[in-house]
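Spelled out from the first residue to the last, the chains are:
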Amino acid sequence: MAKVRPRVRVPKKASAGDVITIKTLISHPMESGQRKDRKTGELIPRKIINHFTASFNGEVVFDAAIEPAVSANPYFSFAMVVPESGTVAFKWVDDDGSIYTEEKSITVE
Amino acid sequence: MHFTRRDIGRLGIGAAAMAALGATPAAAMTDETRAAIMDFTGGVEPGAGDIMLNTPEIAENGSTVPVDVTCDGARRIMLVADGNPNPGVATFEFGRLCPSRSAATRIRLAATQDVIAVAEMEDGRFIMVANTVKVTIGGCGG
């Protein structure tokens, strides 16, 4: 099984009130539950990232409920306004209950 | 009553025409799609409005189709793919720190179909937009 690895791009520095674009990607096969195993003909069970949340200093900025129709290695980008220095926390929830997280800090100068 | 093969063909066309007439003016969509949208809106018929959905006109590979949606004043936006085995794609919810209510992602499309975005506005209204995306799997032209 390929290793699940989150990658996010957040600017390190910003001015207060700046609008930044955050890009996130997590390597994950997003097995849809529709595919069949070529050898056995059996359905490969669904295993996807079903939820993604980004929050800044504990406040939710962007939240996505995800269905199997989102591509493998799910990518999301969205905008955020930076009110102060702080940390953006990202959280991905897997069907199997695993939670993958990543954090990036932004310094307001 | 006796049906020839041609009669049956005509009946089929008539039934298809009836089905088309019965559809909503917004877009012809499958029952599953309609149910997904109604589930999201709580039974409210979404109207037209200021919502922008960017999709490629032709997607060469249906397994990663880039889409982005923008709708100022939206609280939540749902993406639906009308021709997929399950219509739901993703639902985005925006917080206070999201200035422009927009998001971009990549989605799977099983075949040429309509991609629909439905937005719930801050004032409780629902608006929607639909784009057709042509999917050419395996690059067979189209």
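See the structure printed just above.
These lines cover the structure that appears in this document, whether it is placed above or below.

About the criteria used
Residues numbered from 1 in each chain as written. Chains lettered and ligands numbered in written order. Predicted model: local features only at pLDDT ≥ 70, side-chain atom pairs only at ≥ 80, totals over all residues. Heavy atoms only, no water. Helix = DSSP H or I, 4+ residues; strand = E, 2+ residues; numbered from the N terminus. Buried < 20%, exposed > 50% of the residue type's maximum accessible area, 1.4 Å probe, protein only. Pairing = 2+ DSSP bridges. Core = buried A, V, L, I, M, F, W, Y, C linked by side-chain atoms within 4.5 Å. Contact = heavy atoms within 4.5 Å. Buried area = accessible area lost by both parts, 1.4 Å probe. Salt bridge = Lys/Arg side-chain N within 4 Å of Asp/Glu carboxyl O. Polar contact = N/O pair within 3.5 Å; in protein donor to acceptor, adjacent residues only side chain to side chain.

### Here we look at the overall build of chain A
Looking only at helices and strands, one finds zero helices and eight strands in chain A. Ordered by position in the sequence, the α and β elements of chain A form the string β-β-β-β-β-β-β-β. A principal-axis box enclosing the C-alpha atoms of chain A has dimensions of 60 × 20 × 20 Å. Taking all 109 residues of chain A together, 43% fall into the buried category.

### Observations concerning the sheet that holds strand β2 (residues 13-14) of chain A
Strand order in the open sheet made by the ten strands is β2(A)-β8(A)-β7(A)-β4(A)-β5(A)-β5(B)-β4(B)-β7(B)-β8(B)-β2(B), with mixed pairing throughout. Whereas interior strands pair on both sides, the edge strands pair on one side only; in this sheet they are β2 of chain A together with β2 (58-59) of chain B.

### Observations concerning the nonpolar core
Counting 56 residues, the largest nonpolar core has Phe52(A), Phe62(A), Met80(A), Phe90(A), Ile106(A) and Phe92(B) as its most contacted members. Ignoring anything within four residues of it in the chain, the contact list for Phe62(A) reads Phe52(A), Thr53(A), Ala54(A), Phe76(A), Phe78(A), Phe92(B), Glu93(B), Phe94(B) and Ala103(B). Counting residues in each nonpolar core, the second largest holds nine residues, with Met29(B), Phe40(B), Val118(B) and Phe126(B) among its members.

### Some points on the interface of chain B and chain A
Taken together, the contacts link 26 residues of chain B with 29 residues of chain A. Between chain B and chain A, a total of about 2,100 Å² is buried, with carbon and sulfur atoms accounting for 53% of that surface. If you sort the residues of chain B by the area they bury against chain A, Leu97(B), Arg106(B) and Arg108(B) come out on top, with a joint share of 33%. Run the count over chain B and chain A and you get one salt bridge. Our count for the contact surface shared by chain B and chain A stands at 15 residue pairs in polar contact (both at pLDDT 80 or more). Mapped onto the side of chain B that touches chain A, the elements with two or more residues apiece are β5 (88-94) and β6 (102-107) of chain B. Among the elements that take part in the side of chain B that touches chain A, β5(B) stands out by supplying seven residues, more than any other.

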